[in-house]
2 protein chains.
Amino acid sequence: MKGVDPMRRTGPISNNTIWRLPRYLHILNELDAKDVACVSSAEMSEGVGMSASQIRQDLALFGTFGQQGRGYEVKTLREELIRILGVDRRYKVILVGAGHLGSAIVENFRSIAQGCVFQAAFDIDPAKIGKHVGGVPIRDGRSVTEYIRENGTDIAILTVPREGTRRAVSVLDAAGIRAIWNFTGVDIQCDALVENILFSDSLLFLAYGLSRNAE
Amino acid sequence: MKGVDPMRRTGPISNNTIWRLPRYLHILNELDAKDVACVSSAEMSEGVGMSASQIRQDLALFGTFGQQGRGYEVKTLREELIRILGVDRRYKVILVGAGHLGSAIVENFRSIAQGCVFQAAFDIDPAKIGKHVGGVPIRDGRSVTEYIRENGTDIAILTVPREGTRRAVSVLDAAGIRAIWNFTGVDIQCDALVENILFSDSLLFLAYGLSRNAE
């Protein structure tokens, strides 16, 4: 069954719904790798920790309906979610800051980054330039503007130290980067789209849960 | 002004609200470090990207009210949020998996982990055991059960490879760990409280934003 392109809908789909789609895609990737052909909303529900009715409701938003008694076709639904999430476009990604964190991310890039191509890594530390990370050489950070312009880079993974964040962001922004995946913990303002990974918020949330459990 | 202990409220505070508190604490930490005495909800709003009325509403839930014309006292509000979030309790934390990612986290532990004490690191790789990370020696992973029981560890930062996840979780769970901060990208089931950092979901969300911008 064909899905409806969410872009052609009159209203945007809520971020709460969009946030659930990667979870569905994650399960479908695993099922597809195991050559499972069909999955019911009840089966998906176990894997993603959401109710079957929530799943049916979310997928119906995209015009996707399971077949009575058979469920969803894994391959079709997976392809549809990939298209909806826009990860059929092969975004070009660079790493800015090749320390421990950046290395960990790009070395696991294939399992993390569906629909993205890792292009290049940059650092300003002369001791790192020329070494390899995630299968590519680390380039001189001063060449990043030229690189982005010549190679049409879409996304920068930003893993520089906190104190280098603002400078790196202004360079990336001026070079015309389209999106920044920000791991620095620093709030950044720029023209590019920003997605933050906030380690400290996540740990505080965990601590809150622990203190609540202890009551 | 004294806050009301959220634990004594009749209903639990929603997770959406709790999720916003670390953002407020983050801003208050920065203001306190700069010796700023008072802050208005409008000023906080700029730093956290939420409306001033949302902030006033959230803080009122805890019985915290700014003073007309002066705003909130930074020190008092900060201490209150620390207490509400339960991070005045000095949770004991260990690292399980001392690769690039684990090293990056514990080396930035002070800026990431308010209210937590980093105790020890573990790995099963003989080449890593005995080396140092985040100021502590890396111990043999086979001693983790004994360590947790003897030292009353609260939280394990789980940064083992995907394929080692289930085994590590069953060991930690049997040892009585209270919480797991899970970076493996693998869904885990256990008695401990789990908070997941899902890199792939975050990047998919960014890709979705890019594809929407391109339309």
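Residues numbered from 1 in each chain as written. Chains lettered and ligands numbered in written order. Predicted model: local features only at pLDDT ≥ 70, side-chain atom pairs only at ≥ 80, totals over all residues. Heavy atoms only, no water.

A. Here's a closer look at the relation of the copies chain A and chain B. For the pair chain A and chain B, the superposition axis carries a translation of 0.0 Å, the fit reaches an RMSD of 0.0 Å, and the rotation angle comes to 180°. Such values leave the two copies arranged in the relation of a two-fold axis. (Least-squares fit on C-alpha atoms with pLDDT ≥ 70 in both.)

B. The interface of chain A and chain B, seen in detail. Facing 59 residues of chain A, the contacting portion of chain B comprises 59 residues. Across the chain A/chain B interface, buried area totals approximately 5900 Å², and carbon plus sulfur atoms make up 67% of it. Among the residues of chain A in contact with chain B, F205, Y208 and L210 of chain A are the three that bury the most area, contributing 12% of the side total. Where chain A packs against chain B, one counts six salt bridges. Residue D187 of chain B pairs with R23 of chain A through a salt bridge whose shortest N-O separation is 3.0 Å. On inspection of chain A and its partner chain B, the count reaches 15 residue pairs in polar contact (both at pLDDT 80 or more). Looking at the side of chain A that touches chain B, the element that brings in the most residues is helix 9 (residues 199-214) of chain A, giving 16 residues. (Contact = heavy atoms within 4.5 Å. Buried area = accessible area lost by both parts, 1.4 Å probe. Salt bridge = Lys/Arg side-chain N within 4 Å of Asp/Glu carboxyl O. Polar contact = N/O pair within 3.5 Å; in protein donor to acceptor, adjacent residues only side chain to side chain. Helix = DSSP H or I, 4+ residues; strand = E, 2+ residues; numbered from the N terminus.)

C. Highlighting the sheet that holds strand 3 (residues 91-96) of chain A. The strand order 5-6-4-3-7-8-9 (chain A) describes an open sheet built from seven strands, whose pairing is mixed. Two strands in the sheet have a free side with no partner beyond their single neighbour: strand 5 (132-133) and strand 9 (193-196) of chain A. Bridge count between strand 3 of chain A and strand 4 (residues 116-123) of chain A: six bridges; the pairing is parallel. Its bridge partner lying in strand 4 of chain A, L95 of chain A is registered against A121 of chain A. Where helix 9 (residues 199-214) of chain B meets the sheet, its contacts fall on strand 3, strand 4, strand 7 (155-158), strand 8 (179-182) and strand 9 of chain A, and the angle it forms with strand 9 of chain A comes to roughly 165°. (Pairing = 2+ DSSP bridges. Axes fitted to C-alpha atoms, helices over the stretch in contact; angles between N-to-C directions.)

D. Examining unusual backbone geometry more closely. All names here are of chain A. Even without a glycine there, the phi angle at D35 is positive, about 60°. Within the element layout of this structure, D35 appears in the loop between helix 1 (15-33) and strand 1 (38-39). Positive phi is not limited to glycine here, since R90 has a value of about 55°. Positionally, R90 belongs in the loop between helix 4 (74-84) and strand 3.

E. Geometry of the sheet that holds strand 5 (residues 132-133) of chain B. The strand order across the open sheet formed by seven strands is 5-6-4-3-7-8-9 (chain B), and the pairing between neighbours is mixed. A strand with exactly one partner marks an edge of an open sheet, and here the two such strands are strand 5 and strand 9 (193-196) of chain B. Judged from the four bridges that link them, strand 3 (residues 91-96) of chain B and strand 7 (residues 155-158) of chain B form a sheet pairing that is parallel. Paired with I94 of chain B across the bridge in strand 7 of chain B is A156 of chain B. Strand contacts of helix 9 of chain A: strand 3, strand 4 (116-123), strand 7, strand 8 (179-182) and strand 9 of chain B, with the helix running at about 165° to strand 9 of chain B, the strand carrying the most contacts.

F. Representation of the side chain of N182 of chain A within the structure. Residues and elements named next belong to chain A. Residue position: N182 is located in strand 8. Note on N182: relative accessible area 1%, which makes it buried. Here T184 takes part through its side chain, which lies 2.7 Å from a polar atom of the side chain of N182. A polar side-chain atom of N182 sits 2.9 Å from the main-chain carbonyl oxygen of V186. If we ignore the near neighbours within four places in the chain, the residues touching N182 are L158, I188, V194, E195, N196 and I197. (Buried < 20%, exposed > 50% of the residue type's maximum accessible area, 1.4 Å probe, protein only.)

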